[in-house]
Each structure stands twice: as structure tokens, then as C-alpha cells.
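Results of the structural survey
If you want the building blocks of each chain, they are given just below.
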Amino acid sequence: MKPPLQRFRAFAIYAGFAAALGCCNFSYAAADVPTPVTIATGSSVPATVLFVADEMGYFAQEGLAVKFDHCIGASRCIDNVFEGKAQFAAVGDLAMMFNSIEHQDFSILATYATSTSMLKLITRKSAHITKAQDLVGKRVGMPRKSAPHYFLDNFLLFEGVDPKHVEHVFVDLDGMSAALAGGKVDALSTFEPIASKQRAALGKDAFDVTVPSYNLSTHLVALRKTVTQSHAETVKLLRAMDKAVQYIAHEPLKAKAILARHSGLDPAALDSLWAGSQFKLVLDPSLLVTLNNAARWAKNEDLINEGQFPDFSGFINAEPLNAARSKGAAK
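We now turn to the structure provided with this report. (Residues numbered from 1 in each chain as written. Predicted model: local features only at pLDDT ≥ 70, side-chain atom pairs only at ≥ 80, totals over all residues. Heavy atoms only, no water.)

1. Focus: helix α5 (residues 93-102)
With respect to burial, α5 is a largely interior element, nine of its 10 residues being buried. For α5, the complete set of buried residues consists of Asp 93, Leu 94, Ala 95, Met 96, Met 97, Phe 98, Asn 99, Ser 100 and Ile 101. On the buried face of α5, the contacting elements are α4 (74-82), β3 (88-92), β4 (106-115), α6 (147-158), β10 (216-223) and α13 (286-300). (Buried < 20%, exposed > 50% of the residue type's maximum accessible area, 1.4 Å probe, protein only. Helix = DSSP H or I, 4+ residues; strand = E, 2+ residues; numbered from the N terminus. Contact = heavy atoms within 4.5 Å.)

As C-alpha cells, this is what we get:
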């Protein structure tokens, strides 16, 4: 039998080893806990990238536990970032442009989807509107300072109609269906997926006016302090999204099925939207042209003044995307 001192030494060595092992196990377990991330996003075709990254486990592989904060309209999504409800948001061109005037504290991290079939012009058959010229003297409802607002004016100009000859009626997203069905407006400049619900509210009286393709892009944005304080998570998020983009390119039917489970779009609307959409994680210089064109329109419409015309290049932060790709993301 060991003397008391030897027994004490043996116990101390064992206890120290156990304590160290327990410490290491605790650290390993803590390191395995995924980092929670909330993304404010809609549920239409552009969100395919996010839904695929989630369902295929790409976020989890990067150590992220992603939660989607579902919002309708890009303005609501970016508001959720400013209000602290989400760290990242899916945002369109117009929402970014207008918010850059009131907020200088966010960054554009990537463009990940473009669509030529998201924006719609819906009317009642009983209104007898089939082309742009039929809108002269009529009332068109839309959210103010939005992509549908910008789209309507561009559509009218493209067809040779002065937008001032068409009455613009600004309606909240939640009230658009009722405004059209109740006769408050004669048509809606709108977007999917809410356009499908607006058609359903009209039933057999619904009619889609044929409009030219308009390229609508969706971007990932975050507060600058989020990118700085959670740089590693930002890079991981972009890496997972890049993997999702590659999956969509190689497995479009499976990706489309994932979107169908999340969007609630009817098959015909989904097919139409999917055909006009592309998925690619980029920061293209053409984004600056798009934002400047939108700002000029807003100035001409007295929605902003000359002094509010920002330098959009200061909002673009390509470093996290470059870092994501430099660490093994598919190109």
C-alpha cells in the first residue's frame, strides 16, 4: 500500500489531469455550438440561394445556425436590420438607394440573384387596360419609393407615355389587394410573390398587362459594425451562399423544389419566375450605374434633392466576399 504522501501525489496528478480533460472537453463542446445568425428575406425566387444553403447544410457546415426573418418588401427587410431584428437582409436596388440617404452605416456585401420577371402590372379585366396607353388618366397603385414605383415610370416612358399623365396612388403593401378589388385604383404596379395573392383576390377579373423585362437584383446587406464585429461569420455566410449558387447551377430542379416548399407560389407562377432568374454571387461594377440611375429618377421626381445624392461606391464592401473565395469556396 502506498504511503499517505504518495497517495496524495497520485490523487493530485489524477485530479489535475481530470480537470484539464474536463476543461478541454468543455472548450471543444463550446466551439461546436453554432453561431446564431438572422437573415431578413422574402420568400420568392431570389431567396432560393438562402433556402438551398439552409436545407443542404451549407450554413451548418460553416458553423452557423441561420434563422430567416420573413418580410414582404425590401424596405421592410432592411428596416429589420436597422432595428436590430436581423444581422443581414435581402434588399433590392431601390431600397438600398433610398436607405443610403438616411443611413450611412450599412454595407453591400454581394449580389446573389437577378430576375427579369418579378415586377408585374395587374389590373381588372373590367377596367379595359391592356397596354401602357390605356393607363393615361387612370389610377395605378404602388408602394411609394419602391421598385414598382420606379418600374412603372420606366415602363410608361419606354412606351412613350408621360408618367405625369397617369395618376400615382401610393398604397401600403397590405392594402394593395383591397385597393384594386374595391376600385380605389385601376391597376397595381406590384411584384411577386404578393402579385399571386392579388390576382387570387380578383378571381376571374384579374388581368396581367404585358410589360417588358426589367432586371431586378437582390443583394445581401449588413450594418458596417456587424461586418467588423462578426467578420468571420460574414465570410462564412458568403461561403455557404456561394456553395448554394453552385448547387443551383448543377441541380436546378432540386433547387426549384426547395423553393416551392418555402414560397407557397403556385406552380405556374413559380415556373415563370424561375425562367427569368439567375443566381450568381458577385459584386459587379454595373451596380453603381443602377443605383445612380435610380437616384437621378428619384431626384427628378422630387423624392430626394441634390444634396442627398450619395456616393454609392462607399457602401460597397468586397472584402468579405473576396475572403470567402480565398478560403476554398467554389468559384
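2. Focus on the pattern of salt bridges
Using the criterion set out here, one finds 13 salt bridges in the structure. Its salt-bridge partner being Arg 124, residue Asp 186 comes within 3.8 Å of it at the nearest N-O pair. Remark: Arg 124 occurs in strand β5 (residues 119-124) and Asp 186 occurs in the loop between α7 (176-181) and β8 (187-191); sequence separation between them is 62 residues. Each member of the pair, Asp 186 together with Arg 124, is buried. Across the pair Asp 134 and Lys 131 runs a salt bridge whose closest N-O atoms are separated by 3.2 Å. When salt bridges that share partners are traced, they join Glu 62, Arg 239 and Lys 243 into one network. (Salt bridge = Lys/Arg side-chain N within 4 Å of Asp/Glu carboxyl O.)

3. A short note on the pairing of β5
In terms of residue burial, β5 counts as a mostly covered element, since six of its six residues are buried. Here β5 shows two buried faces, one formed by Leu 119, Leu 121 and Thr 123 and the other by Lys 120, Ile 122 and Arg 124. Relative to β8, β5 runs antiparallel, the two being bridged by five bridges. Bridging from a neighbouring strand, Thr 123 pairs with Ala 187 of β8. (Pairing = 2+ DSSP bridges.)

4. Here's the deal with the sheet that holds β10
Spatially, six strands are ordered β2-β1-β3-β10-β4-β11 in an open sheet, and the strand pairing comes out mixed. What marks the edges here is a single partner per strand, and that holds for β2 (64-70) and β11 (277-282). The sheet shows a mean angle of 25 degrees between the axes of neighbouring strands, taken without regard to direction. Each of β1 (35-41), β2, β3, β4, β10 and β11 is contacted by helix α10 (residues 231-250), which is oriented at about 145 degrees to β11, the strand it contacts most. (Axes fitted to C-alpha atoms, helices over the stretch in contact; angles between N-to-C directions.)

5. A closer look at unusual backbone geometry
The peptide bond linking Glu 192 to Pro 193 adopts the cis configuration, its omega dihedral lying at 15 degrees. Turning to its location among the elements, Pro 193 is positioned in the loop between β8 and α8 (194-202). Even without being glycine, His 128 reaches a positive phi, approximately 60 degrees. For His 128, the location among the structural elements is in the loop between β5 and β6 (139-142).

6. Considering the environment of Gly 73
Relative to the helices and strands, Gly 73 is located in the loop between β2 and α4. Using a relative accessible area of 18% as the deciding quantity, one classes Gly 73 as buried. Once you skip the residues sitting within four places of it in the chain, Gly 73 turns out to touch Leu 173 and Phe 191.

7. Topic: the state of the cysteines
The tally for this structure, following the rule as stated, stands at one disulfide. The residue that forms a disulfide with Cys 71 is Cys 77, at a sulfur-sulfur distance of 2.0 Å. The sign of the 105 degrees torsion about the S-S bond sets the Cys 71-Cys 77 disulfide as right-handed. The residues Cys 71 and Cys 77 share a single accessibility class, namely buried. (Disulfide = S-S within 2.5 Å.)

8. As for the packing of α10 against helix α11 (residues 252-263)
It is the contact of α10 with α11, at a shortest axis distance of 5 Å, that shows an interaxial angle of 115 degrees. In this structure, α10 uses Tyr 247, Ile 248, Ala 249 and His 250 to contact α11, whose residues at the interface are Pro 252, Lys 254 and Ala 255. Residues of the contact of α10 with α11, tallied by class, amount to five nonpolar, one polar and one charged. (Nonpolar A, V, L, I, M, F, W, Y, C, P; charged D, E, K, R; others polar.)

9. What to know about the nonpolar core
The biggest cluster of nonpolar side chains holds 94 residues, and the ones touching the most others in it are Ile 39, Phe 59, Met 97, Tyr 112 and Met 241. Looking at which element gives the most residues to this core, the answer is α10, with nine residues. Those residues in contact with Met 97, other than ones at most four positions away along the chain, are Leu 291, Ala 294, Ala 295, Ala 298 and Phe 312. Counting 14 residues, the second-largest nonpolar core is a separate cluster that includes Leu 135, Val 140, Phe 155 and Val 209. (Core = buried A, V, L, I, M, F, W, Y, C linked by side-chain atoms within 4.5 Å.)

Keep in mind that these numbers describe shape and distance, not what the molecule does.
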